[in-house]
Amino acid sequence: MAQTGEETVSENKQSSTIDYSAFPNAEGHFGPYGGRFVSETLIYALDELNAIYSRLKDDPDFQAEFDKDLAHYVGRPSPLYFAERWTRELGGAQIYLKREDLNHTGAHKVNNTIGQALLAKFTGKGRVIAETGAGQHGVATATVAARLGLKCRVYMGADDVKRQSLNVYRMKLLGAEVFPVTSGSRTLKDAMNEAMRDWATNVDDTFYIIGTVAGPHPYPQLVRDFQAVIGREARAQCLAQAGKLPDALVACVGGGSNAIGLFHPFLTDESVSMYGVEAGGLGIETGKHAAPLNKGVPGVLHGNRTYLMEDENGQIIETHSVSAGLDYPGVGPEHSWLKDIGRVKYVPINDDEALAAFRKVTRTEGIMPALESSHALAYVEKLAPTMSKDQIIIANLSGRGDKDILTVAGIDGITV
Amino acid sequence: MSRISQVLNHAKSQGRKALVTYIVNGDPYPAATLPTMHKLVEQGVDIIELGVPFSDPMAEGPVIQQGHERALAHHVSLKSTLEVAREFRKTNNHTPLVLMGYANPVERFGYEAFAKAAAEAGIDGLLTVDLPPEEVAVLKEALDASGLDNIFLLAPTTTVERARKIASHASGFLYYVSLKGVTGAGHLDVTAVKAKLDEFGQLTDLPVCVGFGIKDPATAKAIAALADGVVVGSVLVEKMGSMADQSQEKIAQAVGDIVGGIRRALDDC
Ligand SMILES: Cc1ncc(COP(=O)(O)O)c(C=O)c1O
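Residues numbered from 1 in each chain as written. Chains lettered and ligands numbered in written order. Predicted model: local features only at pLDDT ≥ 70, side-chain atom pairs only at ≥ 80, totals over all residues.

## Let's talk about the overall build of chain A
Across its full length, chain A carries 17 helices and 14 strands. Taken over C-alpha atoms, the radius of gyration comes to 20 Å for chain A, in line with the 22 Å a tight globule of 416 residues would show. Taking the principal axes of the C-alpha coordinates as reference, chain A spans close to 65 × 60 × 50 Å. Considering chain A as a whole, with its 416 residues, one finds that 59% of them fall into the buried category. For chain A, contacts bridging at least 24 residues in sequence account for 74% of all contacts bridging at least 6. (Helix = DSSP H or I, 4+ residues; strand = E, 2+ residues; numbered from the N terminus. Rg over C-alpha atoms; globule rule 2.2 N^0.38 Å. Buried ≥ 20, exposed ≤ 12 C-beta atoms within 10 Å, placed from the backbone. Contact = placed C-beta atoms within 7 Å.)

Now the structure itself:
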């Protein structure tokens, strides 16, 4: 076939770009990551879920129902807000905040629970379970369960039950049963173990609503697809409001759902840099953190292969973060892959930096961010001044900070 | 033929049901494991499954989870489990040893390094709860090269078609999980086990052992009538956990007593 020089160039360029929509593959792999590492009892349920999702994901009726719920129940699209005063103060790139905090229930988590609840409806199962760290995913699950009249149990580490007591009570008011998990490190990872055990036991009548882009295939894929509404909106909003694409995206990474939701629709936009912000806790050199992409190694936990925090014997180690929603020793497998191929840069932000950003954005913009989101904002504080004034950063403000008021007051030595 | 196959074939030829027992290495403290293993053999156990403690044992009920936690408090690892096997082999060369655990410690050890070290230590097989056939290819190659059996679970939710596929990857024996749930659960239903095993039919020539929820001689006997052998775990781990402050001799004796009762029930099948 005859080719002009120009065609050859564009072909070369094409072959160097990755078709991100082809990941995961049929087995749920993102390169060496992802997959299905579960006990045999759950394989059937995962096959069933995969079959339902494969059928529905391109079904216009299903998408229309999802979009309708997002518009009328969640309140989407969420605004892309230009943080003018904060931008001026930092003196660099223009900062836009994707306002997931304005969603019903106060965080991005509900985008996913709406989607999975629709899937649950198709399976006809009358009971849903979830794991939760900060309680945001638990609240978002309890909310959709209340709306659909489903029985709901939420597993939560006993330590998190204490530090997120407001969300615990919210879930109870919504009619969910909150089950404190006392095994292991009594945090999110142990809640996920317990939810898996419940699922294996009650697999016939129970739908497991996983709260982030982790777990066995097809969860990392379907949670990503449901959260990708964040990035699709942000991309269109940025083009409409600023007349061009952003130069950088910043989002916090616990399991990685709000981050992948923002990043995914931009992955092929080569001019857009991406930063995933992990919880640096007391500092990654102290070992007391939750930053597997910065300081972990690949391993197998919770049904997928991904970067993990573990000791030399392959035991998962305890993590630390001031924010319960980032306090997780693993991360979604797609992030592990995006790290390895260099498409996204993963950086740590320490507790004190996140708290400072929490206060700063609260005072400067009148927006009180979740402590999770504050990690992303703290990185913006570092990044924006290094960029020029005509450049644009979009930071994902994944949730609102009301749930964290007691934690911050405690740090201030105040009893509310 | 592997040690596991030899033992199971021999039992079958004698019309005996195989008794497989599970304890967690290092539970409730490391010195308790070896004497308990020898006592198990003395009481008629055919195969010992040694649980490798893991921080996140997703398929275990509370009893075995706590066993893992007790062992981890003593820093028991995959490496130290191989040491125990080596010690055991100094005086026992006939009882097959199967390691049962989770993928991550094996992955951290390195698949090939693990397979070599395990074979050298006298281990006969590996059952990795969270490595289904779809994810096991690389490890299996290493196990095959070192002559280790790869044991797989079949569950009540496993379709016949899938069971055939699993059986084609398996060696040693097939382990049928008798209920939907975690180890130590209390809702074992003998009729349902029979129905599912009938549905599977003869998958391969491999013997089938059934476990999860078998806690007493009567249940063991009823289940053994349907299969080549039974696996007993939680009831032993529970006993060991309750004796954490007692001597290893007493622990071994108490576990031996439970197992002896089950052995006698199986023998008058
Ligand atoms: C507001 C908020 N942001 C972020 C996270 C972290 O989760 P992910 O990384 O899946 O977005 C959580 C988790 O609870 C959260 O509540």
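So that's the structure; there's more coming.
## A look at the sheet that holds strand β10 (residues 273-281) of chain A
All names here are of chain A. Strand order in the open sheet formed by 6 strands is β3-β4-β14-β9-β10-β13, with mixed pairing between adjacent strands. What marks the edges here is a single partner per strand, and that holds for β3 (80-82) and β13 (345-350). The sheet shows a mean angle of 30° between the axes of neighbouring strands, direction not considered. Bridge analysis of β10 against β13 gives 6 bridges, and the strand direction is parallel. Paired with Y275 across the strands is K345, a residue of β13. Sheet contacts for helix α16 (residues 371-383): β4 (94-99), β9 (248-252), β10, β13 and β14 (392-397); angle to β9, the most-contacted strand, approximately 145°. (Pairing = 2+ DSSP bridges. Axes fitted to C-alpha atoms, helices over the stretch in contact; angles between N-to-C directions.)

## Focus: the domain arrangement of chain A
Residue and element names in this part refer to chain A. Along its sequence, chain A is organised into domain 1 (27-71 + 108-223) and domain 2 (76-107 + 228-411). Relative to domain 2, the C-alpha centre of domain 1 lies at a distance of 22 Å. Residue assignment for the side of domain 1 that touches domain 2 shows that the elements contributing at least two residues are β2 (33-37), α3 (60-74), α5 (109-123), α6 (136-148), α7 (158-163), α8 (165-173), α9 (188-201) and α10 (219-227). It is β2 that provides the largest number of residues to the side of domain 1 that touches domain 2, a total of 5 residues. Residues of the side of domain 1 that touches domain 2, tallied by class, amount to 19 nonpolar, 17 polar and 5 charged. (Domains from an automatic or database assignment. Nonpolar A, V, L, I, M, F, W, Y, C, P; charged D, E, K, R; others polar.)

## As for the interface of chain A and chain B
Counting residues at the interface gives 27 residues for chain A and 32 residues for chain B. Of all the secondary-structure elements, those providing two or more residues to the side of chain A that touches chain B are β2, α2 (40-56), α9 and β11 (297-301) of chain A. Looking at the side of chain A that touches chain B element by element, the count peaks at 6 residues for α9 of chain A. Per-class residue counts for the side of chain A that touches chain B are 10 nonpolar, 11 polar and 6 charged.

## Description of the environment of M171 of chain A
All names here are of chain A. Assignment of secondary structure puts M171 in helix α8. The exposure class assigned to M171 is buried, which follows from the 27 C-beta atoms found within 10 Å. When the C-alpha positions of M171 and V380 are compared, they lie 32 Å apart, and in sequence the two are 209 residues distant. For M171, the residues in contact, after removing those within four places along its chain, are G135, G138, V139, A142, V154, A176 and V178.

## Regarding the environment of G215 of chain A
Residues and elements named next belong to chain A. Along the chain, G215 falls in the loop between β8 (206-208) and α10. Placed 178 residues apart in sequence, G215 and F37 show a C-alpha to C-alpha distance of 8.6 Å. Contact partners of G215, with chain neighbours within four places excluded, come to I210, P220, H302, G303 and N304.

## Things to note about the site of the ligand
The environment of the ligand is formed by 22 residues, the closest being Q136, G254, S257, G325 and G399 of chain A. Both domain 1 (27-71 + 108-223) and domain 2 (76-107 + 228-411) of chain A contribute no fewer than three residues apiece to the shell around the ligand. (Near = placed C-beta within 6 Å.)

## What about the nonpolar core?
One finds V250 and I393 of chain A together with Y175 and V230 of chain B to be the most contacted residues of the largest nonpolar core, which totals 213 residues. It is helix α12 (residues 248-267) of chain B that contributes the most residues to this core, 8 residues altogether. Once residues within four sequence positions are removed from consideration, Y175 of chain B is found in contact with L127, I151, F152, L153, C209, G211 and V231 of chain B. (Core = buried A, V, L, I, M, F, W, Y, C linked by C-beta atoms within 7 Å.)

## Examining the packing of α5 of chain A against α6 of chain A
All names here are of chain A. Where α5 meets α6, the closest approach of the two axes is 9 Å, and the angle between their N-to-C directions is 40°. Relative to α6, the element α5 lies oblique. In this structure, α5 crosses over α6, and the sense of that crossing is right-handed. Counted together, K109, V110, T113, I114, A117 and K121 of α5 and Q136, H137, A140, T141, T143, V144 and L148 of α6 form the full contact between these two elements. Classifying every residue of the contact of α5 with α6 gives 6 nonpolar, 5 polar and 2 charged. (Parallel < 35°, antiparallel > 145°, perpendicular 65-115°, else oblique. Left-handed = near helix turned anticlockwise from the far one by under 90°.)

## What to know about helix α8 (residues 160-169) of chain B
Residues and elements named next belong to chain B. By the burial criterion, the buried members of α8 are A163, I166 and A167. On an axial view of α8, the arc spanned by its buried residues comes to 100°, and they lie on one face. Of the exposed residues in α8, those oriented more than 90 degrees away from the buried face are E161 and S168. Elements that come into contact with the buried residues of α8 comprise β6 (152-154), β7 (174-177) and α9 (190-200). (Arc of directions from axis to C-beta.)

## Observations regarding the confidence of the model for chain A
Of all residues in chain A, 96% attain a pLDDT of 70 or more, and the chain-wide mean is 95. In the model, residues 1-15 of chain A has pLDDT below 50 throughout and makes 1 contact with residues more than four positions away in sequence or in other chains. (pLDDT = per-residue confidence, 0-100.)

## Section: the pairing of strand β8 (residues 208-211) of chain B
Residues in a regular strand project their side chains so that they alternate between the two faces of the sheet. Residues and elements named next belong to chain B. Here β8 shows a buried face lined by V208 and V210 and a second buried face lined by C209 and G211. Relative to β8, β7 runs parallel, the two being bridged by 4 bridges. What sits directly across from V177, in β8, is G211. Once the chain exits β7 it traverses α9 before rejoining the sheet at β8, and the crossover so formed is right-handed. (Right-handed = clockwise from strand over helix to strand, strands pointing away.)

## Some points on the sheet that holds strand β1 (residues 29-30) of chain A
All names here are of chain A. Here 4 strands make up an open sheet; going across it, the order is β1-β2-β12-β11 and the pairing antiparallel. On the outer flanks of this sheet lie β1 and β11, each paired with one strand and no other. For β1 and β2, the ladder comprises 2 bridges, and the chain directions are antiparallel. Bridge assignment links F30 to a residue of β2, and that residue is Y33. Here helix α14 (residues 333-340) sits on the sheet and contacts β1, β2, β11 and β12 (303-308); the angle it forms with β12, its principal contact strand, is near 45°.

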